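Each chain is listed here by its residues.
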Amino acid sequence: MLTLHHLNDSRSQRILWLLEELGTPYEMKRYQRNAETRLAPPELKAVHPLGKSPVITDGDVRLAESGAIVDYIIRRYGKGAMMPAPDSAEFEAYNEWLHYSEGSAMLPLMLNLYVSRLKEAGAPLHPRIESEIANHLGYIEGALDSREFFVGSSLSGADIQMSFVAEVARSFGKLAAYPNFAAWLARMHARPAFRRSVEKGGAYRLAS
């Protein structure tokens, strides 16, 4: 059976949400961040050398990248759901959003997190970081204009992947200026499968 190695308050929450949306049987092994450092416990290194989450194991398969995990689960267990047909016009847009989340959108948000810890020493970097955050959030805002989902007329892996971007942006107080993206996140968090994922995975600070 597929096993999700789930770290609290992490990217693995969206994998748990995906599994709940699909109704895929799975096991979950929980790992808790250090309350002071917020780092993952060393036990995760026994699962994957990077010691990060999410990680899934499924027979001989072991995956640690969110986009790869979402893609694998949907192809292996989705039965045609949550992704456009590979020969459809929408597939390339889907594939782009699937990779855009971590490949581009998360970089300025994570820089904002780490540079803010430098306090005044990081001040010269903030204008460029803020500019990049606005660039990406503006792009996403436009893409969601008059759209319920990122691709097509139903939930897909692209929405699962993009949820963490919205959650982190909101945690930094950046989302209010982007009503389409904010409304999309509210719809995602209202889904029964997402609520179940929080109940099963434990308190998720980015859901509030």
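What this report covers is the structure whose coordinates are included nearby.

Let us look at the environment of Pro-42. Mapped onto the elements of the fold, Pro-42 is located in the loop between strand E2 (27-31) and strand E3 (55-58). Residues Pro-42 and Tyr-77, spaced 35 residues apart in sequence, show a C-alpha to C-alpha distance of 30 Å.

All right, on to the nonpolar core then. In terms of nonpolar packing, the biggest core is built from 53 residues, with Ile-73, Ile-140, Phe-150, Met-162, Phe-181 and Trp-184 touching the most fellow members. At the level of secondary structure, the elements contributing two or more residues to this core comprise helix H1 (12-22), helix H2 (66-77), helix H3 (91-116), helix H4 (126-143), helix H5 (157-171), helix H6 (179-190) and helix H7 (192-201). The residues contacting Phe-150, other than those within four sequence positions of it, are Trp-97, Ile-140, Leu-144, Ala-158, Asp-159, Met-162, Phe-181 and Trp-184. Leu-7, Leu-44, Val-47 and Val-55 belong to the second-largest nonpolar core, a separate cluster that totals five residues.

On to the layout of surface pockets. By volume, the largest pocket amounts to about 960 Å³. Taken together, 31 residues form the lining of the largest pocket, with Asp-9, Arg-11, Arg-33, Met-110 and Tyr-114 sitting closest to its centre. Listing elements by their share of the lining of the largest pocket, those giving two or more residues are H3 and H5. Each residue belonging to the lining of the largest pocket can be placed in one class, and the counts come to 15 nonpolar, six polar and 10 charged.

Strand pairing in a sheet is mediated by backbone hydrogen bonds. Such pairs are either parallel or antiparallel. Read from one edge to the other, the open sheet built from four strands follows the order E2-E1-E3-E4, with strand pairing classed as mixed. Of all the strands in the sheet, just E2 and strand E4 (61-63) have a single pairing partner and so form its edges. The mean inter-strand angle of the sheet, taken between neighbouring strand axes irrespective of direction, is 15°. Relative to E4, E3 is paired through three bridges, and the arrangement is antiparallel. Bridged to Ile-56 within E4 is Leu-63. H2 contacts E3 and E4 of the sheet and is inclined by roughly 30° relative to E3.

Moving on to the pairing of E3. For a regular strand, the rule is simple: side chains alternate between the two faces of the sheet. Alignment of strand E1 (residues 3-7) against E3, held across three bridges, turns out to be antiparallel. Along E3, the bridge assignment pairs His-5 with Val-55.

Tallied over the entire structure, the rule returns nine aromatic pairs. With 5.5 Å between their ring centres and 70° between their planes, Tyr-100 and Tyr-139 make a pair best called edge-to-face. Of the two residues, Tyr-100 is situated in helix H3 and Tyr-139 in helix H4; the sequence distance between them amounts to 39 residues. The exposure class of Tyr-139 is partly exposed, given its relative accessible area of 39%. When the ring centre of Tyr-77 is taken as reference, the NZ or CZ atom of Arg-76 above it lies at 4.7 Å.

Attention now moves to H7. Burial in H7 covers these residues: Ala-193, Phe-194, Ser-197 and Gly-201. Seen from one end, H7 has its buried residues packed into an arc of 100°, which puts them on one side. Buried residues in H7 make contact with E1, H1, E2, H5 and H6.

Turning to the pattern of salt bridges, a few remarks are in order. Inspection of every chain in the model, using the stated rule, returns nine salt bridges. Residues Arg-196 and Glu-20 are paired through a salt bridge, measuring 2.9 Å at the closest nitrogen-oxygen approach. Highlighted residues: Arg-196 in helix H7 and Glu-20 in helix H1, separated in sequence by 176 residues. Across the pair Lys-174 and Glu-130 runs a salt bridge, and its minimum N-O distance is 2.7 Å.

In this section: H3. With 26 residues, H3 ought to run about 38 Å at 1.5 Å a step, and its terminal C-alpha atoms sit 37 Å apart, in line with that. Largest kink in H3: about 55°, centred on Tyr-100.

On to unusual backbone geometry, then. Omega for the bond connecting Ser-53 with Pro-54 falls within 30 degrees of zero, at 15°, which places this linkage in the cis form. As for its position among the elements, Pro-54 is in the loop between E2 and E3. Even without glycine at this site, Asp-9 takes up a positive phi of about 50°. Here Asp-9 lies in the loop between E1 and H1. Residue classification places Asp-9 among the buried positions, given a relative accessible area of 14%. Look at Lys-79: it is not a glycine, yet its phi comes out positive at around 50°. You can see Lys-79 is positioned in the loop between H2 and H3. With a relative accessible area of 84%, Lys-79 lands in the exposed category.

About the criteria used
- Residues numbered from 1 in each chain as written.
- Predicted model: local features only at pLDDT ≥ 70, side-chain atom pairs only at ≥ 80, totals over all residues.
- Heavy atoms only, no water.
- Helix = DSSP H or I, 4+ residues; strand = E, 2+ residues; numbered from the N terminus.
- Core = buried A, V, L, I, M, F, W, Y, C linked by side-chain atoms within 4.5 Å.
- Buried < 20%, exposed > 50% of the residue type's maximum accessible area, 1.4 Å probe, protein only.
- Contact = heavy atoms within 4.5 Å.
- 1 Å grid on protein atoms, 1.4 Å probe; cavity = no way out; pocket = protein on both sides within 12 Å on 5 of 7 lines; lining within 4 Å.
- Points joined across faces, edges and corners; volume = space filled by probe spheres on them.
- Nonpolar A, V, L, I, M, F, W, Y, C, P; charged D, E, K, R; others polar.
- Pairing = 2+ DSSP bridges.
- Axes fitted to C-alpha atoms, helices over the stretch in contact; angles between N-to-C directions.
- Phe/Tyr/Trp six-rings, centres within 6.5 Å; stacked < 30°, edge-to-face > 60°.
- Lys NZ or Arg CZ within 6 Å of the ring centre and 35° of its normal.
- Arc of directions from axis to C-beta.
- Salt bridge = Lys/Arg side-chain N within 4 Å of Asp/Glu carboxyl O.
- Expected span 1.5 Å × (residues − 1).
- Bend = angle between axes of the 7 residues up to and from the residue.

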